[in-house]
Amino acid sequence: FTGTMPTEIGLLTALTQIKIAADSAHGMTGTLPTELGSLTALAMIYLSECAFTSTLPTQIFRLTGLEELAIPGSRISGKLPPELGGMTTLKQLQLSGHRFTGPIPTEYGFLTNAV
């Protein structure tokens, strides 16, 4: 499917995984909705080759049970958020193919479970 991720996704509070793999020319567009932070049961977010153009919403950092955050090949930009270092349950972090700027925050050293 194409278009933006609906904000109503925040109503799916029992959702444990989001997995969308798309062609960046024909897939998801727009910004990542802040409502993702309401999905406290999420263990995995995998959004590959989507055409999201924004920064990572800070609400994602409320997901204390998130084990995998993989958003390769999107167009997310800005500085790498230091809050990501507080997500100590992360086992996999994949943020390749973005337009991040600045240094890697020292807080990422707290991601001791990540591979």
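Everything numeric in this text was worked out from a predicted model, so none of it was measured. (Residues numbered from 1 in each chain as written. Predicted model: local features only at pLDDT ≥ 70, side-chain atom pairs only at ≥ 80, totals over all residues. Heavy atoms only, no water.)

**Student:** How do you make sense of the sheet that holds strand β1 (residues 3-4) when you look at a structure like this?
**Tutor:** Adjacent strands of a sheet form backbone hydrogen bonds with each other and so pair up, either parallel or antiparallel. Strand order in this open sheet of 3 strands is β1-β3-β5, and the pairing throughout is parallel. Each of the sheet's edge strands pairs with one partner strand only, and the pair in question is β1 and β5 (51-52). The pairing of strand β3 (residues 28-30) with β5 spans 2 bridges and is classified as parallel. Paired with threonine 29 across the bridge in β5 is alanine 51. (Pairing = 2+ DSSP bridges. Helix = DSSP H or I, 4+ residues; strand = E, 2+ residues; numbered from the N terminus.)

**Student:** I keep staring at the packing of aromatic side chains and nothing clicks. Help me out?
**Tutor:** Counted under the stated rule, the structure contains 0 aromatic pairs. In this structure, lysine 19 is placed above the aromatic ring of tyrosine 46, and the distance from its NZ or CZ to the ring centre is 5.4 Å. (Phe/Tyr/Trp six-rings, centres within 6.5 Å; stacked < 30°, edge-to-face > 60°. Lys NZ or Arg CZ within 6 Å of the ring centre and 35° of its normal.)

**Student:** Is there a simple way to think about the sheet that holds strand β8 (residues 92-94) in this case?
**Tutor:** What the 4 strands build is an open sheet, ordered β2-β4-β6-β8; its pairing is parallel. Where the open sheet ends on each side, the last strands, each with one partner, are β2 (17-21) and β8. Neighbour-to-neighbour, the strand axes of the sheet open up by a mean angle of 10°, direction not taken into account. (Axes fitted to C-alpha atoms, helices over the stretch in contact; angles between N-to-C directions.)

**Student:** Even after reading the chapter, I still don't get the environment of phenylalanine 61, so can you show me in this structure?
**Tutor:** Turning to its location among the elements, phenylalanine 61 is positioned in the loop between β5 and β6 (68-70). Classification of phenylalanine 61 by relative accessible area gives buried; the value is 15%. C-alpha of phenylalanine 61 to C-alpha of threonine 40: the two residues are 21 residues apart in sequence and 10 Å apart in space. Setting aside chain neighbours within four positions, we find phenylalanine 61 in contact with Leu56, Pro81, Glu83, Leu84 and Met87. (Buried < 20%, exposed > 50% of the residue type's maximum accessible area, 1.4 Å probe, protein only. Contact = heavy atoms within 4.5 Å.)

**Student:** So what exactly am I meant to see when it comes to the pairing of strand β4 (residues 44-48) here?
**Tutor:** Where a strand is regular, its side chains alternate between the two sheet faces. Of all 5 residues in β4, 4 are buried; the element is thus mostly enclosed. The sheet contact formed by β2 and β4 spans 5 bridges and is parallel. Along β4, the bridge assignment pairs glutamine 17 with methionine 44. The sheet contact formed by β4 and β6 spans 3 bridges and is parallel. Within β6, the position partnered with methionine 44 by the bridge is glutamate 68.

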